[in-house]
Amino acid sequence: MTATNACLWFDGRAEEAAQLYVSLFPNSSIDEVVRAPGDYHAGEAGSVLAVRFNLSGVPYLGLNGGPDFKFSEAVSFQIDCADQAEVDHYWEGLVAGGGEHGRCGWLKDRFGLSWQVNPREMNKYIGGPNPEGAARAMAAMMKMEKLVVAELRAAYEGS
């Protein structure tokens, strides 16, 4: 079976990014650091060319390709969080060191990569069987940066 994985283009910071990501996600590792065998357009011989890493068993490649391409919100990674503690862990870890808070659970890390940090319980409120409650929960979510489960629940329940 053919497998796919994401290749993330960095401007010289692939190893730093991989180190951050594996520090936040359980069962993650940096599997290989590939050094450039010679000078190339984005680096010198011996510099980090690519980093193979996995986050909770999902493989990624970080490529130091230079400044030509930037991340955009058109591609983001979703984190399905079991509870508020996980939301807080990933949110704070990913915005640390220069990341940006977005709206509705979105953020950018310090490398410009977009993430959606979503509590699993959110689906119960946004897509719940009570249309009025779901609309209130959706309205509450639209005002948030980091998603707060207790506030989504309270909006859904009308309390």
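Further up the page is the structure itself.
Residues numbered from 1 in each chain as written. Predicted model: local features only at pLDDT ≥ 70, side-chain atom pairs only at ≥ 80, totals over all residues. Heavy atoms only, no water.

1. Some points on the packing of helix H1 (residues 14-24) against helix H2 (residues 84-95)
Where H1 meets H2, the axes come as close as 10 Å, and the angle between the chain directions of the two elements is 165 degrees. As the angle between them shows, H1 and H2 are arranged roughly antiparallel. Seen along the crossing, H1 lies across H2 with a hand that is right-handed. Contacts between H1 and H2 involve Leu20, Tyr21 and Leu24 on the former and, on the latter, His89, Tyr90, Gly93 and Leu94. Classifying every residue of the contact of H1 with H2 by side-chain character gives 5 nonpolar, 2 polar and no charged. (Axes fitted to C-alpha atoms, helices over the stretch in contact; angles between N-to-C directions. Helix = DSSP H or I, 4+ residues; strand = E, 2+ residues; numbered from the N terminus. Parallel < 35°, antiparallel > 145°, perpendicular 65-115°, else oblique. Left-handed = near helix turned anticlockwise from the far one by under 90°. Contact = heavy atoms within 4.5 Å. Nonpolar A, V, L, I, M, F, W, Y, C, P; charged D, E, K, R; others polar.)

2. Structural notes on the sheet that holds strand E7 (residues 106-108)
Strand pairing in a sheet relies on backbone hydrogen bonds. The paired strands run either parallel or antiparallel. Spatially, the 4 strands line up as an open sheet ordered E5-E8-E7-E6, and their pairing is mixed. Of all strands in the sheet, those with a lone pairing partner are strand E5 (76-81) and strand E6 (100-101), marking the two edges. Bridge analysis of E7 against strand E8 (residues 114-119) gives 3 bridges, and the strand direction is antiparallel. The partner of Lys108 across the bridge, within E8, is Ser114. (Pairing = 2+ DSSP bridges.)

3. Details of the state of the cysteines
With the rule as written, the count across this model stands at 0 disulfides. With no disulfide partner, Cys81 has as its closest neighbouring cysteine sulfur the one in Cys104, 15 Å distant. (Disulfide = S-S within 2.5 Å.)

4. A few points about the side chain of Gln116
Counting through the fold element by element, Gln116 comes out in strand E8. One polar contact links Gln116 to Ser76, side chain to side chain, over a distance of 2.7 Å. When residues no more than four places from it in sequence are discounted, the contact partners of Gln116 are Ser76, Phe77, Gln78, Ile79, Gly105 and Trp106. (Polar contact = N/O pair within 3.5 Å; in protein donor to acceptor, adjacent residues only side chain to side chain.)

5. Thoughts on the environment of Leu107
As for its placement among the helices and strands, Leu107 is situated in strand E7. Residues contacting Leu107, with those up to four places away along its chain left out, are Trp91, Leu94, Val95, Glu100, Gly102, Leu113, Ser114, Trp115 and Val117.

6. Some words on the nonpolar core
Of all hydrophobic cores here, the largest spans 28 residues; its most connected members are Tyr21, Phe53 and Trp115. At the level of elements, strand E1 (6-10), H1, strand E3 (48-55), E5, H2 and E8 are the ones that each hand at least two residues to this core. Among the elements that make up this core, the one with the highest residue count is H1 (7 residues). Excluding residues within four positions of it along the chain, Phe53 makes contact with Leu8, Ala18, Tyr21, Val22, Ser29, Ile30, Asp31, Val58, Pro59, Tyr60, Leu61 and Gly62. Within the second largest apolar cluster, 12 residues are counted, among which are Met122, Ala134, Met144 and Leu147. (Core = buried A, V, L, I, M, F, W, Y, C linked by side-chain atoms within 4.5 Å. Buried < 20%, exposed > 50% of the residue type's maximum accessible area, 1.4 Å probe, protein only.)

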